[in-house]
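Structural characterization, general
Here is what each chain is made of, one letter per residue.
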Amino acid sequence: MDPSGLAEIIRPEMLLEQHQFQITQTLKVLGSLGLLERLDKRVKNEGLSNPQLLIDSVKDKRYERVQGIGDDFIPDSDLYNAIGSIYPLLDRKQRDKVIWAHLNQFDGLNYLAVNSNHTPNIREPLLLTDITIARPLYWPGLEDERRLWDGKESFVELQKEIMVENGLFDPTKVKSDFLVAYALMRKDFTSFGNDYIQSANPEFLDRVIKGIVALRFAGRTSSSKIKEGKNRLYELLPKSVHDRIEPLRQEADWTCANQFM
């Protein structure tokens, strides 16, 4: 077949459709995995090749309201988690764009709808942390996670049910990896904190602790508030992570809430 004949077969709209299909598939894969540690090199590179596309996919998504749930809608959580999966690799300017993209969806809703139907599905610790710093009322809390370990007599029993070999949670059993990890580490929720820390994926655990520190210290500048925050975390978290708290507080790698007012 001559080149001109081939050009007639491969029309521009066919190339566009193929490109859109590839984008959809990338979003689907990234969203289903939801954490950097679950991405292989190829998928990670695909996500990083055009982060603005992922940001716009969240910001510009249009939803139909569903009868029976008021002004809320059933969220495409895969979009939140697609950008969340590469969020730790973005610079601060890009991360703030990601936060704005989520707020573009959330700020038109009642905060109770956001913190019960949207943010509980965000897996990445740093993303959920930064959204919460920007809008504290969107924090979903940790109470819903109790159902996972209610009735469990040991961490081993829970581990077999919700964790996989690489120290991460089974994404089919856990909606938000950050919320479950945070709750497991808190002494007022479970007695499994030390056991979980010893079995957790180290890179993911680092971001969990970083997120916890950000939630506690963002916006706190007075020495008395800082001391109070440290004492509270020393009370809540296992002693094995206490030495990480102050370096992360000083690093202060979290968003600035003032820019989202």
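Structure report, in brief. (Residues numbered from 1 in each chain as written. Predicted model: local features only at pLDDT ≥ 70, side-chain atom pairs only at ≥ 80, totals over all residues. Heavy atoms only, no water.)

**Considerations on the packing of aromatic side chains**
Applied cut-off: Pairing of aromatic side chains requires ring centres within 6.5 Å, counting the rings of Phe and Tyr and the six-membered ring of Trp. Pairs whose planes differ by under 30 degrees are stacked, by over 60 edge-to-face, and all others tilted. In DSSP terms, a helix is any run of H or I states spanning at least four residues, a strand is any run of E spanning at least two, and both are numbered starting from the N terminus. Under the scheme applied here, a residue whose accessible area is under 20% of the maximum for its type counts as buried, over 50% as exposed, and between as partly exposed, the area being computed with a 1.4 Å probe on protein chains only.
A complete count under the given rule lists 11 aromatic pairs for this structure. Relative to Tyr 138, the ring of Phe 106 lies with its centre 5.9 Å away and its plane at 85 degrees, an arrangement referred to as edge-to-face. Taken together, the residues span a long stretch of sequence, with Phe 106 in helix H6 (residues 92-106) and Tyr 138 in the loop between helix H8 (125-134) and helix H9 (146-149) at a distance of 32 residues. We classify Phe 106 as buried; its relative accessible area is 0%. On the basis of relative accessibility, which here comes to 6%, the residue Tyr 138 falls in the buried class. Taking the centre distance of 6.3 Å and the plane angle of 70 degrees together, the rings of Phe 155 and Tyr 196 count as edge-to-face. With Phe 155 in helix H10 (residues 155-162) and Tyr 196 in helix H12 (residues 193-199), the pair connects residues that are 41 residues apart, well separated along the chain. We note that Phe 155, like Tyr 196, is buried.

**Quick notes on the nonpolar core**
We apply this condition: Here, nonpolar core means buried Ala, Val, Leu, Ile, Met, Phe, Trp, Tyr and Cys residues that are tied together by side-chain atoms lying within 4.5 Å of each other. In this description, contact between two residues means that some pair of their heavy atoms is separated by no more than 4.5 Å.
Core analysis: the biggest nonpolar cluster contains 74 residues, and Trp 149, Phe 169, Met 185 and Tyr 196 have the highest contact counts within it. Sequence-distant contacts of Phe 169, defined by excluding residues within four places in its chain, comprise Arg 38, Ile 162, Met 163, Val 164, Val 174, Asp 177, Val 180, Ala 181, Leu 184, Tyr 196 and Phe 204.

**Here we look at unusual backbone geometry**
At Ala 252, a residue that is not glycine, the phi angle is positive and equals roughly 50 degrees. Among the secondary structure elements, Ala 252 is positioned in the segment after helix H15 (242-251). By relative accessible area, which is 35% here, Ala 252 ends up partly exposed.

**Comments concerning a nonpolar patch on the surface**
Which entries qualify depends on this criterion: Only residues above 30% relative accessible area that lack a salt bridge enter a patch, with like-charged residues linked at up to 9 Å and the nonpolar side chains Val, Leu, Ile, Met, Phe, Trp and Tyr linked at up to 5 Å. All accessibility values rest on the Shrake-Rupley procedure with a 1.4 Å probe; residue burial counts only the protein chains present in the view. By salt bridge we mean one thing: a side-chain nitrogen of Lys or Arg within 4 Å of a carboxyl oxygen of Asp or Glu.
Taken together, Tyr 111, Leu 112 and Leu 137 make up a surface patch of nonpolar side chains, about 290 Å² in accessible area. Mapped onto the elements of the fold, Leu 137 is located in the loop between H8 and H9.

**Some details on the packing of helix H13 (residues 202-217) against H15**
Defined as follows: Every angle, taken between N-to-C directions, lies between 0 and 180 degrees, and every axis is a line fitted to C-alpha atoms, over only the stretch in contact when it is a helix. Here the angle decides the label: under 35 degrees means roughly parallel, over 145 means roughly antiparallel, 65 to 115 means roughly perpendicular, and every other value means oblique. Handedness of each helix crossing follows the sense of rotation of the near helix against the far helix: counterclockwise by less than a right angle gives left-handed, clockwise gives right-handed.
Relative orientation of the contacting elements H13 and H15 amounts to 65 degrees, with a least axis distance of 9 Å. Here H13 lies roughly perpendicular to H15, going by the angle between them. Classified by chirality, the crossing of H15 by H13 is right-handed. Contacts between H13 and H15 involve Leu 205, Asp 206, Ile 209, Lys 210, Val 213 and Phe 217 from the first element and Arg 244, Ile 245, Leu 248, Arg 249 and Glu 251 from the second.

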